[in-house]
Amino acid sequence: MSRRARRIAGVAAALAFASISSTFTPTPGRAESDDAVALRSGIASVERGDTAAAEASLRPLAAGDAEAAAWLAAALLDRGDASGLREAIGLLKRGAESGNPRARHLLALQYAAGKGVPRDEARAAKLFEEAAEGGIARAAYNLGFLHATGRGVPKDPAEAAKWYERAAKDGDPYGAYAFGRSIETGPRADARAAEIVKAYRAAAERGHLPAALRLGALLAAGRGAKRDLGAARMWLKHAADNGFPEGALALGDLAAAEATGRGARAAAQAAVGWYTIAAEAGLASAQFKLANAYFAGAGPERDFAVAERWYIRAADQGDADAQYTLGIWRSGGIGGKKDPVDGYKWLLLAEKQGHSNAMKVRVRTTSSLAAADARKAEAQAGAFRAKPERAPARPDDPPPPLKPPATTTP
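Every value quoted in this text rests on a predicted model; they were computed, and no experiment measured them.

A. Here's a closer look at the overall build of the protein chain. Summing up its helical and strand segments, the protein chain has 21 helices and zero strands in all. Reported as C-alpha extents along the three principal axes, the dimensions of the protein chain are approximately 85 × 50 × 40 Å. Looking at the protein chain as a whole, 47% of its 410 residues qualify as buried. The long-range share in the protein chain, meaning contacts at least 24 apart out of those at least 6 apart in sequence, stands at 54%. For the protein chain, the accessible area works out to roughly 19600 Å², and carbon and sulfur atoms hold 53% of it. Counting 57 positive and 46 negative side-chain charges, the protein chain places the averaged centre of each group 5 Å from the other.

B. Up close: the environment of G134. Examined against the element boundaries, G134 turns out to sit in the loop between α7 (121-133) and α8 (137-149). For G134 and R102, which are 32 residues apart along the polypeptide, the C-alpha to C-alpha distance reads 8.3 Å.

C. View of the pattern of salt bridges. If you walk through the whole model with that rule in mind, you get 30 salt bridges. A salt bridge links E130 to K126, with the nearest nitrogen and oxygen atoms 2.5 Å apart. Here E130 pairs with K126, and both are found in helix α7, just four residues apart, close to one helical turn. With a closest N to O distance of 2.8 Å, R192 and E195 form a salt bridge. On the basis of relative accessibility, which here comes to 34%, the residue E195 falls in the partly exposed class. When salt bridges that share partners are traced, they join E55, R59, R79, D81 and E87 into one network.

D. Broad picture of the packing of aromatic side chains. Within this structure, the stated rule accounts for nine aromatic pairs. Ring geometry for F295 against F304: centres 5.3 Å apart, planes inclined by 50°, an arrangement best described as tilted. The class for F295 is partly exposed, based on a relative accessible area of 26%. Note on W346 and F384: the rings are 5.8 Å apart at their centroids and 70° apart in plane angle, and the pair reads as edge-to-face. Residue W346 is located in helix α19 (residues 340-352), and its partner F384 is located in the segment after α21 (371-383); the two are separated by 38 residues in the primary sequence. The pair formed by W346 and F384 is uniform in burial state, with each residue classed as buried.

E. Layout of α7. The end-to-end C-alpha distance of α7, which contains 13 residues, comes to 18 Å, matching closely the 18 Å that a straight helix rising 1.5 Å per residue would cover. Listed in full, the buried residues belonging to α7 are E121, A124, A125, L127, F128, A131 and A132. Two or three places before A122, at the start of α7, stands the capping residue D120, its side-chain oxygen 3.3 Å from that residue's backbone nitrogen. With its phi angle positive at about 105°, G135 sits one or two positions after the end of α7.

F. Quick look at the packing of helix α3 (residues 51-62) against helix α4 (residues 66-79). Contact geometry for α3 and α4: axes closest at 9 Å, N-to-C directions at 150°. In terms of orientation, α3 and α4 fall into the roughly antiparallel class. In this structure, α3 crosses over α4, and the sense of that crossing is left-handed. Judged by residue contacts, T51, A54, E55, L58, R59, L61 and A62 of α3 engage A68, A69, W71, L72, A75, L76, D78 and R79 from α4. Looking at the contact of α3 with α4 residue by residue, the classes come out as ten nonpolar, one polar and four charged.

G. Seen up close, the nonpolar core. Membership of the largest hydrophobic core comes to 78 residues, with the highest contact counts inside it found for L58 and F128. Broken down by element, the residue count for this core peaks at ten residues, all from α4. Ranked by size, the runner-up nonpolar core spans 36 residues in total, among them A271, W310, L349 and A377.

H. Up close: the environment of F304. Along the chain, the position of F304 falls in helix α17 (residues 304-316). The spacing of F304 and N292 is twelve residues in sequence and 9.6 Å in space, taken between C-alpha atoms. Residues in contact with F304, not counting those within four places in the same chain, are F295, W329, I334 and G335.

How each quantity is defined
- Residues numbered from 1 in each chain as written.
- Predicted model: local features only at pLDDT ≥ 70, side-chain atom pairs only at ≥ 80, totals over all residues.
- Heavy atoms only, no water.
- Helix = DSSP H or I, 4+ residues; strand = E, 2+ residues; numbered from the N terminus.
- Buried < 20%, exposed > 50% of the residue type's maximum accessible area, 1.4 Å probe, protein only.
- Contact = heavy atoms within 4.5 Å.
- Areas by Shrake-Rupley, 256 points an atom, 1.4 Å probe, with all protein chains shown as cover.
- Lys, Arg positive; Asp, Glu negative; His and termini not counted.
- Charge placed at Lys NZ, Arg CZ, Asp CG, Glu CD.
- Salt bridge = Lys/Arg side-chain N within 4 Å of Asp/Glu carboxyl O.
- Phe/Tyr/Trp six-rings, centres within 6.5 Å; stacked < 30°, edge-to-face > 60°.
- Expected span 1.5 Å × (residues − 1).
- Polar contact = N/O pair within 3.5 Å; in protein donor to acceptor, adjacent residues only side chain to side chain.
- Axes fitted to C-alpha atoms, helices over the stretch in contact; angles between N-to-C directions.
- Parallel < 35°, antiparallel > 145°, perpendicular 65-115°, else oblique.
- Left-handed = near helix turned anticlockwise from the far one by under 90°.
- Nonpolar A, V, L, I, M, F, W, Y, C, P; charged D, E, K, R; others polar.
- Core = buried A, V, L, I, M, F, W, Y, C linked by side-chain atoms within 4.5 Å.

As C-alpha cells, then:
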C-alpha cells in the first residue's frame, strides 16, 4: 500500500470508528407508531451489525423518512459490497440535501475516506459542521479531528478544542477525551486540572479506555480532584484489563510506592506482577523496572540472569536508563559478563539521550579502554537502531472501541 493510501485509510479509521450512534428515543407517555417501532428496530439491528434485519426494517420507511434512509445507508455501508455502497451514497446525498444531520455525517465520512465518492476533506469538514449543528455529537468530534490535523481545513488547535468541547457537551465520549487531552497538553493545564478530570471521567464512564487510564493517573496524583487511590486503581485496572498495559505499569508504580513496613514484601510482589504484565506487552519502562526488581530481589528472588534479559529488551527499545545500566554491567562484569566494548557502547547510547550520569561513567572507563576498542564501540553505537516492541501512537490511529466498566465506583 502506498504512503498516500495508508494516510487515507488512517484518516478514515480515525474518523469513522463507531461513527454513528442512536439518538432515537420514543416520546414518554405516548404509544409508538408502527413506523416508529420499525425505525427503532432497524437502528438496533444496525448497531449490532445485523445488516439483513436492518434492511428489512428500514427499507419500507426510507422513501418517506430521511432518518430511516440514513440508517439504511449505514446498514448498506456495513454490508461492504459495491452495489450497497452505490445505493448508500445515493441515499446519503439525498438526505444531506434535505438537511438530515445523520446523512450529512455519514456522507462526510465517505468524502474523508474517498469511499464511493472522490476524496474531499474540505467537503467532509463542511458536512461535519452541518451535522454537528444538527445535533450529531460525533460529527463535532470528527470536525475537531480535522482541525487538529489540518485535513481539509487549516490546522488550528484552538478550533479543534472548540469542537471537541462541543462534542463533549453533547455526550460524545471520544469528544470528551479529546477535549480533556487538548487542555492537558495545553499551556494552562494546571489551572484547568478540574476540567480535565471532568472530561476524562465523562469519557471513561462511557468506556473510553485512554480516558480511564488518564483519569486513574490524575486521581492517583490528586491532580484536579481529591486523591482517591481506590478509584485510581479501579480505572487503571479497567484500562489494563482491556488492552492498555500502561494501566498495569501505573498500578505497579502505586504498589511499589507502598512497599514499606509490614506489607512491604506483598506490595513489592504486587508491583512485580503488574510490571510483568506491562513488560510482556512491550513497555520499555516496565521492562526496566522489572529488571530492577529481579536485580534487587525486591518481590521475586534475586536473579541476575532474568534481570539482564529485561534490561536488554528495554535497552534494545531505546530506554536510556536500561542502556546506562547495561553499560555499567558490561563495563564492570556485573552478572558475570564483562565486555568493556559493549559497556562503552551502551553508555554512549545513554549519553546521547541525555542520561545525567552516562557521560561521567563513560569518561572514567575511557582510561582502561584501548583506542581501537573505543572506536569499535563508537561504530556500534552509531549503527544502533532502536527496535520498539509496540508501534507508537499516531494521529491517524483509529479511536479505541468503547468498553464501559461494570461499575464506576471502587
